[in-house]
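Chain by chain, the residues:
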Amino acid sequence: MIRITFPDNTVQEFEEGVTGLDIARSISNRLAKEVLSVSVDGVVWDVHRPIYHDAKIKLYTWDDEEGKHAFWHSSAHLMAEALEELYPGIKFGIGPSIDQGFYYDVDPGDRAITDADLPGIEEKMQEIVARKEAFQREEVPKEKAMEYYQDKGDQYKVELIRELEDGEISFYTNGNFTDLCRGPHLPNTGYIKAVKLLGVAGAYWRGDEHNKQMTRIYGITFPKKKMLDEYLQMLEEARKRDHRKLGKQLELFSFSQKVGSGLPLWLPKGAALRERLENFLKQIQKEYGYQQVISPHIGQKELYETSGHYAKYGKDSFQPIKTPDENEEFLLKPMNCPHHCEIYRHTQYSYKDLPVRFAEFGTVYRYEQSGELHGLTRVRGFTQDDAHIFCRPDQLKEEFKKVMDIILKIFEALEFDTYTVQASLRDPDKKDEYIGSDENWEKSEKAILETVEETGIEAKIEYGEAAFYGPKLDFMVKDALGREWQLGTIQVDYNLPERFDLE
RNA sequence: GCCGAUGUAGCUCAGGUGGUUAGAGUGGCUGUUUCGUAAACAGCAGGUCGAGGGUUCGAAUCCCUCCAUCGGCUCCA
């Protein structure tokens, strides 16, 4: 007998080799039907995997992320099996569960998989669901795993296995399809009652644009048909609230090919809305001690060479504007920072005058890649409610907190109630991609992390997400379609003042 | 930038396996009815079927290039 500890710390004895499913059944038949995965001493397992030792367990159903993920992960394997049956020789990359469903990256060789193929794949998946094929776990040594995929000719899996540590590697098999996988999975394909493939897309192998582009197939599944219908209904409702659609319907903004893509035209109603928003924001800025400044839309190229922007983005930006004077070049401003530095320079400040806070509704232009343009959320010309604070080191945290206050106040007023906060730090393995000294980076990252801790705001830390000149605290909100966008950002920059020689 | 899809009246869309004057709803305009809570009826206007090449006796329909949009990937100062 082994001792199983439940989340409420009660302990019960079971036969050795008992499964999560058995345990669920001992509690109630309903739970046995609903349980999708089980954590055993903190590791999420298949509910049908035998437990041979004393353990602390927790059962997961559809209501838990862990349960959903087992479900969708198994769905990815189900789709892979269907794909292999329909397209023999197709090669597989990775196929994880995601927040809403799952995907699998595949390399179909010479043929292309398009939206038109999805219904056929769905049909095949339903066939396999009807077969109720078990997901069987098997542990194999690394060399065996390698051999299997080398024989199969699946170079992507070979690459993945090569990077795994020596020791036992787990395979899962459903029907004729075997996949390298940590699990966990459902007991069998019969759990998956409703299937919908949502789209195909190109995706670079391992997220690197220098690698081959694979075909990613997105899908979602549910344990009940009705849940799928509700999901599709919800998607349709979300589409109605797409800001691009509303902008058109309400005559707020439009685009013209003659003006250029990514360059929004604000119609009278949109301009009126924007004016109200600006007035609201200016009022807050005033309350917090900001002075409004105004700077031109262009600046000498040298200004951006000094800031470092030209070296980093010059090649991929709107190209310099020439004047009748030879050797004279201007850049459309991609950022307001250098201009504000020059405004600061105009006046001589004593340390007693600090902090000095400049705010501007500054219009900037960035040559975004053509594939990135998206309504008003990703454009080539836009106006930021931007501000720069020049302060003493001892004032930094307090100023930072005040900016956080402002952002949260605005989010509240605009009813952005499901934002997330992200501390965007530099990638410690790619220090050469950032400007400035290690010392400056350490100081500024420390300042952000400490301030976050002092305020108690919940922030996730992301390495490699910093701007090239400094770390950021980013405030992200989701749009109607569930896509996340960075709206507010607070940055600590020790580099710029040095580069502009500001004392 | 990359992969895939799409591009027909102001808007939403149908049609199209090459063949006479390109359709609907809605919106617009004119008039009639009349007071209907997206008012009813009649009529009118509105499209070089994204742009440019090509194949053909003939192209909105087939081919190529480009542009834009959409779904993703990559990028995001």
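Procedures and definitions
- Residues numbered from 1 in each chain as written.
- Chains lettered and ligands numbered in written order.
- Predicted model: local features only at pLDDT ≥ 70, side-chain atom pairs only at ≥ 80, totals over all residues.
- Heavy atoms only, no water.
- Pairing = 2+ DSSP bridges.
- Helix = DSSP H or I, 4+ residues; strand = E, 2+ residues; numbered from the N terminus.
- Contact = heavy atoms within 4.5 Å.
- Axes fitted to C-alpha atoms, helices over the stretch in contact; angles between N-to-C directions.
- Expected span 1.5 Å × (residues − 1).
- Domains from an automatic or database assignment.
- Buried area = accessible area lost by both parts, 1.4 Å probe.
- Salt bridge = Lys/Arg side-chain N within 4 Å of Asp/Glu carboxyl O.
- Polar contact = N/O pair within 3.5 Å; in protein donor to acceptor, adjacent residues only side chain to side chain.
- Nonpolar A, V, L, I, M, F, W, Y, C, P; charged D, E, K, R; others polar.
- Parallel < 35°, antiparallel > 145°, perpendicular 65-115°, else oblique.
- Left-handed = near helix turned anticlockwise from the far one by under 90°.
- Buried < 20%, exposed > 50% of the residue type's maximum accessible area, 1.4 Å probe, protein only.
- Near = heavy atom within 4 Å.

Caption draft 1: Just the sheet that holds strand β20 (residues 356-365), in detail. Sheet architecture is open: three strands sit in the order β16-β20-β21, paired in mixed fashion. A single partner strand is all that each edge strand has here, and the edge strands are β16 (291-292) and β21 (381-390). Lying over the sheet, helix α9 (residues 268-287) contacts β16, β20 and β21, oriented at roughly 160° with respect to β20.

Caption draft 2: Structural view of α9. Helix length check: α9 (20 residues) gives 29 Å between terminal C-alpha atoms against 28 Å at 1.5 Å per residue, within 8%. Buried positions along α9 lie against β15 (265-266), β16, β20, β21 and α13 (396-413).

Caption draft 3: Examining the domain arrangement of chain A more closely. Partitioning chain A into structural domains gives domain 1 (2-61), domain 2 (66-240), domain 3 (241-390) and domain 4 (418-503). Computed over C-alpha atoms only, the centres of domain 1 and domain 2 are separated by 26 Å. Listed as interface residues are 13 residues of domain 1 and, on the opposing side, 14 residues of domain 2. It is Leu 36, Asp 46 and His 48 in domain 1 that bury the most area against domain 2; as a group they hold 50% of the surface buried on that side. Counting the contacts that link domain 1 with domain 2 gives one salt bridge. A salt bridge links Glu 139 to Arg 49; its shortest N-O distance comes to 3.7 Å. Applying the counting rule to domain 1 against domain 2 returns four residue pairs in polar contact (both at pLDDT 80 or more). Considered class by class, the residues forming the side of domain 1 that touches domain 2 number seven nonpolar, three polar and three charged.

Caption draft 4: Summary view of the packing of helix α3 (residues 65-86) against helix α4 (residues 118-131). At their nearest, the axes of α3 and α4 sit 9 Å apart, and the two run at 110° to each other. Classified by the angle their axes make, α3 and α4 are roughly perpendicular. Between α3 and α4 the crossing geometry is right-handed. Counted together, Ser 75, Leu 78, Met 79, Glu 81, Ala 82, Leu 83, Glu 85 and Leu 86 of α3 and Gly 120, Ile 121, Lys 124, Met 125, Ile 128, Val 129 and Arg 131 of α4 form the full contact between these two elements. Partitioning the contact of α3 with α4 into residue classes produces nine nonpolar, two polar and four charged.

Caption draft 5: Up close: unusual backbone geometry. The omega torsion of the bond from Gly 183 to Pro 184 falls at 0°, within 30 degrees of zero and hence cis. Residue position: Pro 184 is located in the loop between β11 (177-180) and β12 (194-204). Here Leu 354 and Pro 355 are connected by a cis peptide whose omega angle stands at 0°. Of note in this structure, Lys 132 is not a glycine but carries a positive phi near 50°. Residue placement: Lys 132 occurs in the loop between α4 and β9 (136-141). Despite not being glycine, Glu 415 has its phi angle at roughly 60°, a positive value. Mapping Glu 415 onto the fold places it in the loop between α13 and β22 (420-425). Glu 415 gets classed as exposed once you look at its relative accessible area, which sits at 64%.

Caption draft 6: Structural context of the protein's contact with RNA strand B. Every one of the 33 residues lining RNA strand B counts as a neighbour, but Tyr 204, Gln 213, Met 335, Ser 370 and Glu 372 are closest to it. In RNA strand B, atoms within 4 Å of the protein come from the sugar-phosphate backbone in 62% of cases. Arg 244 places a side-chain nitrogen or oxygen 2.8 Å from a phosphate oxygen of RNA strand B. Per element, the largest residue contribution to the surface near RNA strand B is five residues, and it comes from β12. Split by residue class, the surface near RNA strand B holds 11 nonpolar, 12 polar and 10 charged.

Caption draft 7: Spotlight on the sheet that holds β22. Reading across from one edge, β23-β22-β24-β25 is the order of the four strands in this open sheet, with mixed pairing throughout. At either margin of the open sheet sits one strand with a lone partner, and together these are β23 (459-463) and β25 (484-491). Here the strands of the sheet are splayed against their neighbours by 30° on average, with no regard to which way each runs. Examined bridge by bridge, β22 and β23 share five bridges and lie parallel to one another. Counterpart to Val 421 in the pairing with β23 is Ala 459. Against the sheet, α13 touches β24 (472-478) and β25, its axis set at about 150° to β25.

Caption draft 8: Structural context of the pairing of strand β3 (residues 37-40). Burial along β3 is two-sided: the residues Ser 37 and Ser 39 and Val 38 and Val 40 are all buried. In the sheet, β3 pairs with strand β5 (residues 55-60) via four bridges, with the strands oriented antiparallel. Looking at β5, one finds that Val 38 is bridged to Leu 59. Between the end of β3 and the start of strand β4 (residues 43-45), which pair antiparallel, lie two residues, with Asp 41 showing a positive phi angle near 50°.

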